Amino acid sequence: MISIRDLYKIYTYQQGKGKIAALDGISLEVKAGEVFGVLGQSGAGKSTLIRCVNCLERPTSGSVWVGDEEITALSGTRLRKARQRIGMIFQHFNLLSSRTAAENIAFPLELMGYSRLKRRARVEELLALVGLEGRGDAYPAQLSGGQKQRVGIARALAGNPNVLLCDEATSALDPQTTRSILELLRDLNRRMGLTILLITHEMGVVKQICDRVAILEAGKVIEQGTVSELAAQPDSFIARELFPQRNGFKPRPGSVLVTIAFRGETANQPLISDLAKRFDVDVNIISGTVDTVGGQRVGQLHVELSGKDVSSALDYLQVQDLRHEVH
Amino acid sequence: MLDPVLMESLWQATVETFYMVGISALLAVLFGLPLGLLLVITAPNHILPNSAIQKVLGSIVNVGRSIPFIILLVAIIPFTRLVVGTTIGSTAALVPLTIAAIPFFARVAETALLEVDRGLIEAAQSMGCNHWQIVLKVLVPEALPSLILGITIMVISLLSYSAMAGVVGGGGLGDLAIRYGYQRFDTTVMVVTVVLLIILVQIAQYVGDRLAIRLRKR
């Protein structure tokens, strides 16, 4: 649905003397109907990336396709028409303070030339869709952050876009509101088949609603894939962010430190007692977590193995198809 | 208390003041607002960045703002004759008042329009707005409360400018104060006109403030 191909954005400063690549050769495919997250620190280039998708910023080179339209090749009226088919929501909601919630939602409909009567009907529909029935007459200043973002979502969806871009849409919200907004987005994604591309610096957002994720660092994608799969790889960026690490723990002489990753079924096995019973090993648990990521149970366990049979125990992990890493 | 002749001239002066300030304020908004809009949208990183236009317009506005009003009043007499066909009276005073007020309001409008959050413009662009729609549906409505306050400031400045209109026989309250109150040492006229001016300023400020508060939904 969204195809980003070899995208570069080079900023020059001091009359071309200095150059900095905000986007350094990015290629991503967002499939129709999925929630795709781009995770990165501030300054990683994710903001520039999402703005290139609807050409709020022009990439230096490379192309962006949405559906079968090459957005980066468009300009003028054709670009504006294309933008009407791409919804966007923002960290600071960006609602017009001089308009009520309903008038804000009607804004894109005005641009599309809806009649007053059709606008009113569509706005009512959208208010209901985002759970703001009866709040249409409130001004943004009278709404909470979560409600403002709901207005933002309704506004973005007014023209029935196939794609929704979310620019740090929950970063200004408290954890509970963040959850409810993410639930709403997830729900819209499932019910309407809406394709969502979101950028965030919060792992929690990726964990809660993303099907796939790309990690952005200094303008480059350093990791991408299905969230639950990445979480189940002990050495992935996602797993390191998601699970507590060894914090410099050093195994005692004669013992080894092993990180074991679980996913789905294997998370429910009595692994530790299994190891202790089958082999002559002592298992010392350093730390461990099991979490639900992308609807799957994923976990990571750091254990210290010692005793005579350590190598057979490690072979056993291999046979059991448990991803693990010996430190 | 006041004799009928004085009452008569006070009334006439008040009407003249209203006429000069009202019309010139209206014209200043009509021409100054587009000028302020151009100054804003041609700035770097705005919707129509164009540093050449921005610099030229900025310089013109600065020149307009640096000429002392009393000098402008006299200097543009030929132009005034060309525009309104006369060089004396309230109508003649209108021309320099308007000329002085346009760059003043352009700057005031620029400041008000710059306050509009860049995020709103970005959101409008993401919805497919063209430049006109951004100006008419986002910039002006969002800046309206500040623009109203700016108009208030301008109206009050015009009230004091209009006092100098006497130089071209423009009349008005300020002129009355100077001619009767100051030059003829008529304390009563002086005090009455100044009090009237104070009341007018208070009313203008009050109306402007109330309107801005009503419009500001933040």
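Preceding this section is the structure that the text describes.
Quick look at the structure, then. (Residues numbered from 1 in each chain as written. Chains lettered and ligands numbered in written order. Predicted model: local features only at pLDDT ≥ 70, side-chain atom pairs only at ≥ 80, totals over all residues. Heavy atoms only, no water.)

**Section: the overall build of chain A**
Going by this rule: The helix count covers DSSP runs of H or I at least four residues long, the strand count covers runs of E at least two residues long, and both are numbered beginning at the N terminus. A simple rule labels every residue: compare its accessible area, found with a 1.4 Å probe on the protein chains alone, to the largest value its type can have, and call it buried under 20%, exposed over 50%, or partly exposed in between. Should any heavy atoms of two residues lie within 4.5 Å, those residues are considered in contact. Only four residue types enter the tally: Lys and Arg on the positive side, Asp and Glu on the negative side, with His and both chain ends excluded. Charge coordinates come from a single atom per side chain, which is NZ of Lys, CZ of Arg, CG of Asp or CD of Glu.
In terms of regular secondary structure, chain A is built from 11 helices and 14 strands. By principal-axis analysis of the C-alpha atoms, chain A measures approximately 80 × 55 × 35 Å. Per-residue burial for chain A yields a buried fraction of 52% across its 327 residues. Intrachain contacts of chain A at a sequence separation of at least 6 include 69% that bridge at least 24 residues. Measuring between centres, the 40 positive side-chain charges of chain A sit 8 Å from its 36 negative side-chain charges.

**Considering unusual backbone geometry**
Leaving glycine aside, a negative phi is the common case for residues, and trans is the common case for peptide bonds. Residue and element names in this part refer to chain A. Here the phi dihedral of Asp-6 falls at roughly 50 degrees; this positive angle occurs in a residue that is not glycine. Within the secondary structure, Asp-6 sits in strand β1 (residues 2-13). With phi around 55 degrees, Asn-94 is a residue other than glycine that occupies positive phi space. Take Asn-94: it is sitting in the loop between β6 (86-90) and α3 (101-111).

**A word on the interface of chain B and chain A**
The test is simple: A simple way to read buried area is as the amount of 1.4 Å-probe accessible surface that goes missing from two parts once joined, with both sides added. We define a salt bridge as a side-chain nitrogen of Lys or Arg found within 4 Å of a carboxyl oxygen belonging to Asp or Glu. Two N or O atoms form a polar contact when they lie within 3.5 Å of each other; inside protein one atom must be a possible hydrogen donor and the other a possible acceptor, and for residues adjacent in sequence the pair counts only when both atoms belong to side chains. When residue character is reported, Ala, Val, Leu, Ile, Met, Phe, Trp, Tyr, Cys and Pro are called nonpolar, Asp, Glu, Lys and Arg charged, and the others, Gly included, polar.
Counting residues at the interface gives 18 residues for chain B and 22 residues for chain A. Surface buried jointly by chain B and chain A totals about 1,900 Å² across both partners, of which 60% is contributed by carbon and sulfur atoms. The largest share of the area that chain B buries against chain A comes from Ser126(B), Met127(B) and Lys217(B), three residues that together contribute 34% of it. Across the contact surface, chain B and chain A share two salt bridges. Glu122(B) is paired through a salt bridge with Arg51(A); the nearest N and O atoms lie 2.5 Å apart. Counting every contact that joins chain B to chain A gives six residue pairs in polar contact (both at pLDDT 80 or more). Secondary structure elements with two or more residues in the side of chain B that touches chain A: α6 (118-126) and α7 (131-161) of chain B. Of the residues in the side of chain B that touches chain A, the class split is six nonpolar, six polar and six charged.

**As for the side chain of Ser146(B)**
Along the polypeptide, Ser146(B) turns up in helix α7. For Ser146(B), the contacting residues outside a window of four places in its chain are Ala112(B), Glu115(B) and Arg216(B).

**Looking at the packing of aromatic side chains**
Keep this limit in mind: Two rings belonging to Phe, Tyr or Trp (six-membered ring only in the last case) form a pair when the distance between their centres is within 6.5 Å. Interplanar angles under 30 degrees mark stacking, angles over 60 mark edge-to-face geometry, and anything in between is tilted. Two thresholds decide whether a charge sits over a ring: the Lys NZ or Arg CZ must be within 6 Å of the ring centre and within 35 degrees of the ring normal.
All chains considered together, the criterion is met by two aromatic pairs over all chains. For the ring pair Phe69(B) and Tyr161(B), a centre distance of 4.8 Å and an interplane angle of 5 degrees mean the geometry is stacked. With Phe69(B) in helix α3 (residues 69-75) and Tyr161(B) in helix α7, this residue pair connects regions lying 92 residues apart in the sequence. Given a relative accessible area of 28%, Tyr161(B) falls into the partly exposed group. Here the guanidinium or amino end of Lys118(A) rests over the ring plane of Tyr114(A), the centre of that ring lying 5.0 Å away. The positively charged end of Arg184(B) is found above the aromatic ring belonging to Tyr180(B), 4.3 Å away from the centroid.

**What about the environment of Ala101(A)?**
Residue and element names in this part refer to chain A. Its place among the elements puts Ala-101 in helix α3. Along the chain, Ala-101 and Arg-150 lie 49 residues apart, while their C-alpha atoms are 9.6 Å from each other. The contact partners of Ala-101, leaving out residues within four places of it in the chain, are Arg-135, Gly-136, Ala-138, Leu-143 and Val-151.

**Here's the deal with the pairing of strand β12 (residues 281-293) of chain A**
Residue and element names in this part refer to chain A. Convention followed: Two strands qualify as a pair provided DSSP detects at least 2 bridges between them.
Relative to strand β13 (residues 296-307), β12 runs antiparallel, the two being bridged by 12 bridges. Across the sheet, Thr-289 pairs through a bridge with Gln-300, a residue of β13. Connecting β12 to the antiparallel partner β13 that follows it, the hairpin turn spans two residues, and Gly-294 within it adopts a positive phi of roughly 55 degrees.

**Details of the environment of Ala124(B)**
Residues and elements named next belong to chain B. Relative to the assigned elements, Ala-124 resides in helix α6. Separated by 13 residues in sequence, Ala-124 and Lys-137 place their C-alpha atoms 9.0 Å apart. Once residues lying within four places of it in the same chain are set aside, the contact partners of Ala-124 are Cys-129, Ile-134 and Val-138.

**With respect to the packing of helix α10 (residues 271-278) of chain A against helix α11 (residues 310-319) of chain A**
Residues and elements named next belong to chain A. Quick reminder of the rule: Axis lines are fitted through C-alpha atoms, for helices just across the contact stretch, and the angle between N-to-C directions can take any value from 0 to 180 degrees. Any angle that falls under 35 degrees is termed roughly parallel, while one over 145 is termed roughly antiparallel, one within 65 to 115 roughly perpendicular, and all others oblique. Definitions for this section: a left-handed crossing has its near helix turned counterclockwise from the far helix by less than a right angle. A right-handed crossing has that turn clockwise.
Between α10 and α11, whose axes approach to 10 Å, the crossing angle comes to 135 degrees. As far as their axial angle goes, α11 and α10 are oblique. At the point where α10 passes α11, the crossing takes the right-handed sense. Contact residues: Leu-271, Asp-274, Leu-275 and Arg-278 in α10; Ala-313, Tyr-316 and Leu-317 in α11. Of the residues contributing to the contact of α10 with α11, the split by class is five nonpolar, no polar and two charged.

**Brief notes about a nonpolar patch on the surface**
Residue and element names in this part refer to chain B. Heads up, the rule is: Patch construction takes residues with relative accessible area above 30% that form no salt bridge. Like charges are linked within 9 Å, and nonpolar side chains (Val, Leu, Ile, Met, Phe, Trp, Tyr) are linked within 5 Å. Areas reported here follow the Shrake-Rupley algorithm with a probe of radius 1.4 Å; residue values treat only the protein chains shown as occluding.
A cluster of nonpolar side chains, contributed by Val-63, Ile-67, Ile-70, Ile-71, Val-74 and Val-167, occupies part of the molecular surface with about 490 Å² of accessible area. Considering every element that reaches the nonpolar patch, the biggest residue donor is α3, with three residues. Assignment of secondary structure puts Val-167 in the loop between α7 and α8 (173-182).

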